[in-house]
Amino acid sequence: MNTPPIPNPPDAMASLIEYPCAFPIKVFGQTQQGFLQAVTEVVLQHDPSFTAASITLRNSKTAKYVSLTCTVTATSREQLDAIYQSLCDHPLVVMVL
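Remember, it's a predicted structure, so these values are computed and weren't measured experimentally.

Caption draft 1: Geometry of the overall build of the protein. For the protein, the count of helices and strands is two helices and four strands. Scanning the protein from its N terminus toward the C terminus, one meets helices and strands in the order β-α-β-β-α-β. Burial analysis of the protein (97 residues in total) assigns 28% to the buried set. When the accessible area of the protein is evaluated, it comes to approximately 6,900 Å², of which 58% is carbon and sulfur surface.

Caption draft 2: How the structure looks around helix α1 (residues 35-46). For α1, spanning 12 residues, the distance from its first C-alpha to its last is 18 Å, which sits close to the expected 16 Å at 1.5 Å a residue. Restricting attention to buried positions, one finds in α1 the residues Phe35, Ala38, Val39, Thr40, Val42 and Val43. Buried positions along α1 lie against β1 (21-30), β2 (55-59), β3 (65-74), α2 (77-89) and β4 (93-96).

Caption draft 3: The sheet that holds β3, seen in detail. Spatially, four strands are ordered β2-β3-β1-β4 in an open sheet, and the strand pairing comes out antiparallel. Strands with a single pairing partner mark the edges of an open sheet, and in this sheet they are β2 and β4. Each neighbouring strand pair of the sheet contributes to a mean axis angle of 25°, computed without reference to strand direction. By the bridge criterion, five bridges tie β2 to β3 in an arrangement that is antiparallel. In the strand pairing of β3, Arg58 is matched with Ser67. Docked against the sheet, α1 engages β1, β2, β3 and β4, running at close to 20° with respect to β3. Contacting β1, β3 and β4, α2 runs over the sheet at an angle of about 10° to β1.

Conventions and cut-offs
All residue numbers refer to positions counted from 1 along the written sequence of the respective chain. Only residues with pLDDT of 70 or above have their local features reported here, since the model is predicted, and side-chain atom pairs are shown and tallied only from 80 upward, although totals for entire chains, interfaces and linings are computed over all residues. Each side-chain value is worked out from all heavy atoms of the structure, with water and hydrogens disregarded. Where helices and strands are cited, they refer to DSSP runs of H or I of at least four residues and of E of at least two residues respectively, numbered from the N terminus. Here the term buried applies to any residue with accessible area under 20% of the maximum for its type, exposed to any over 50%, and partly exposed to those in between, with areas from a 1.4 Å probe on protein chains only. The method behind every accessible area is Shrake-Rupley, applied with a 1.4 Å probe, and residues are considered shielded solely by the protein chains displayed. Each helix should span, by expectation, one fewer than its residue count multiplied by 1.5 Å. Residues count as neighbours in contact if any of their non-hydrogen atoms are within 4.5 Å of one another. Should DSSP find at least two bridges between two strands, the strands are regarded as paired. For helices, the fitted line uses only the C-alpha atoms of the stretch in contact; every axis is such a line through C-alpha atoms, and the angle between N-to-C directions lies from 0 to 180 degrees.

Pasting the structure below:
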């Protein structure tokens, strides 16, 4: 018995985010010189209005790792996907949330 696939409702792909908006992205890496600058450069490629002043930094308990929360001005889902992909592809980045 073959059952046809259930079609997606029209709103299935609709975003829950209203653009433009301030959107926090958390980036994790090992504590090392150049990490903050590298993350800033990647984010600036996708959000020219981004400033390093909007980054909050937090060290791990042992200070081996650092997390950066970068608040970007998100203009589309495609822009956010591109930022996440570029950050994930960077060799200094361990994880992006």
